[in-house]
Amino acid sequence: MANSSAPLGIFDSGVGGLTVFRRIAERMPAESIVYLGDTARVPYGTKSADTVARYAQSCAEVLMNRGVKMLVVACNTASAYALDVLRRELPIPVLGVIEPGAKRAVAATRAKHIGVIGTAGTINSGKYQDSIREYAPDARVSTKPCPLFVPLAEEGWTQGAVPEQVAREYLSELCAQGIDTLVLGCTHYPLLKDVIAQAVGPNVVLVDSAEATSESVADVLNHQCEANKGSGQGARTFLVTDAPETFKRVGKHFLKDEITDVEWVDI
Ligand code: DGL
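The present account deals with the structure reproduced in this document. (Residues numbered from 1 in each chain as written. Predicted model: local features only at pLDDT ≥ 70, side-chain atom pairs only at ≥ 80, totals over all residues. Heavy atoms only, no water.)

**A word on the pattern of salt bridges**
Phase 1: Taken as a whole and judged by the stated rule, the model has 14 salt bridges.
Phase 2: Measuring nitrogen to oxygen at the nearest pair gives 3.4 Å for the salt bridge that ties Glu211 to Arg27. Taken together, the residues span a long stretch of sequence, with Glu211 in helix 10 (residues 209-223) and Arg27 in helix 1 (residues 18-27) at a distance of 184 residues.
Phase 3: Residue class for Arg27 comes out partly exposed when judged on its relative accessible area of 37%.
Phase 4: Between Lys248 and Glu245 there is a salt bridge; the shortest N-O distance is 3.3 Å. Placement of both Lys248 and Glu245 in helix 11 (residues 244-255) is noted, with a separation of three residues, approximately one turn of the helix.
Phase 5: You can call Glu245 exposed: its relative accessible area is 55%.
Phase 6: Taken together, the salt bridges that share partners define one network made up of Arg22, Arg23, Glu26, Lys193 and Asp208. (Salt bridge = Lys/Arg side-chain N within 4 Å of Asp/Glu carboxyl O. Helix = DSSP H or I, 4+ residues; strand = E, 2+ residues; numbered from the N terminus. Buried < 20%, exposed > 50% of the residue type's maximum accessible area, 1.4 Å probe, protein only.)

**A short note on unusual backbone geometry**
Where the residue is not glycine, phi is negative for most of them; where a peptide bond is considered, it is trans in most cases.
Phase 1: The peptide bond linking Val42 to Pro43 adopts the cis configuration, its omega dihedral lying at 0°.
Phase 2: Here the phi dihedral of Lys112 falls at roughly 60°; this positive angle occurs in a residue that is not glycine.
Phase 3: Here Lys112 is to be found in the loop between helix 4 (98-108) and strand 5 (113-118).
Phase 4: The class of Lys112 is partly exposed, set by a relative accessible area of 33%.
Phase 5: Residue Ala243 is not a glycine yet carries a positive backbone phi of 50°.

**As for the sheet that holds strand 3 (residues 70-73)**
Phase 1: Ordered in space as 4-3-1-2-9-10, the six strands form an open sheet in which the pairing is parallel. One side of each edge strand has no neighbouring strand; the edge strands of this open sheet are strand 4 (94-95) and strand 10 (263-264). (Pairing = 2+ DSSP bridges.)

**A few points about the side chain of Ser32**
Phase 1: Within the secondary structure, Ser32 sits in the loop between helix 1 and strand 2 (33-37).
Phase 2: Using a relative accessible area of 15% as the deciding quantity, one classes Ser32 as buried.
Phase 3: Beyond its immediate stretch of four places on either side in the chain, Ser32 contacts Pro7, Leu8, Gly234, Ala235 and Arg236. (Contact = heavy atoms within 4.5 Å.)

**Quick word on the environment of Lys193**
Phase 1: With respect to the element layout, Lys193 can be found in helix 9 (residues 193-200).
Phase 2: The class of Lys193 is partly exposed, set by a relative accessible area of 28%.
Phase 3: Once the C-alpha coordinates of Lys193 and Pro244 are considered, the two residues, 51 residues apart in sequence, prove to be 27 Å apart.
Phase 4: Once you skip the residues sitting within four places of it in the chain, Lys193 turns out to touch Arg23, Leu184, Leu206 and Asp208.

**Focus on the packing of aromatic side chains**
Phase 1: The full count for this structure, using the stated rule, is eight aromatic pairs.
Phase 2: Between Tyr35 and Phe247, the ring centres sit 5.9 Å apart and the planes meet at 40°, which makes this aromatic pair tilted. Placement of the pair is Tyr35 in strand 2 and Phe247 in helix 11, with a sequence separation of 212 residues.
Phase 3: The exposure class of Phe247 is buried, given its relative accessible area of 1%.
Phase 4: Note on Phe238 and Phe247: the rings are 6.3 Å apart at their centroids and 50° apart in plane angle, and the pair reads as tilted. An identical accessibility class is assigned to Phe238 and Phe247; each is buried.
Phase 5: Residue placement shows Arg41 over the ring face of Tyr55; its charged tip is 4.0 Å from the ring centre. (Phe/Tyr/Trp six-rings, centres within 6.5 Å; stacked < 30°, edge-to-face > 60°. Lys NZ or Arg CZ within 6 Å of the ring centre and 35° of its normal.)

Dropping the structure here:
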């Protein structure tokens with residue numbers, strides 16, 4: 001068993017994974033967390049499977065060197081392309097965001113017709129589709145890459161005419177196909193939850209993969225490696241591969257909290 005006071009490691013291609021960080025920190029405040037945003041190489045969502053897997057391996061190495069007891073791959077694209085190799089290579093539990101999101105979507109759907117939105121990489125990998133069908137072999141899955149949601153979220157354009165129009169354009173086809181559940185399969189999409197909800201209407205349940213993942217992390221911590229039993233708040237460490245100041249400025253909207261210290265790391 002790992003040392004219970006060792007930190008959790010979380011990585012993402014940049015700021016987006018802070019939506020996953022926030023959910024984990026809310027659910028398990030006593031855990032210390034080391035977060036790595038690979039801001040020098042973001043975005044992952046447009047890159048090839050091999051490149052994303054290689055980037056993910058180097059991120060994992062940085063976090064392993066910090067002595068983490070568990071690794072959370074907060075990036076959906078990296079979860080799609082690198083989870084298998086990381087699980088094979090690392091001696092600690094490794095959790096991605098796809099399986100928890102898929103599982104929750106299956107629990108939520110009544111019509112057995114689930115929509116999934118994400119980066120082009122995530123959608124093209126077919127991993128959400130496979131994972132959903134593992135839990136519900138008879139489910140129908142309709143997908144749509146929504147790449148413009150990423151820059152909109154980072155620019156803070158999360159309300160108003162522009163994101164509303166983009167959301168309608170992206171989502172009208174999925175709605176016409178009759179989905180009753182929609183997985184937000186990208187770190188950035190929780191920031192656009194309101195406009196997405198408006199575009200799909202009240203009869204479609206939104207599944208936040210970040211939220212679902214925090215539940216799975218708690219589960220793994222309690223069963224596979226030791227949860228921190230302390231009562232105070234764990235330490236939070238933020239690492240980036242480029243532009244710490246931008247990470248602080250943009251990241252606070254994803255974390256819903258100020259980020260004071262960010263350390264640059266070379267990988
Ligand atoms: N973090 C990525 C994801 O969840 C979105 C941003 C990117 O393309 O790197 O897939």
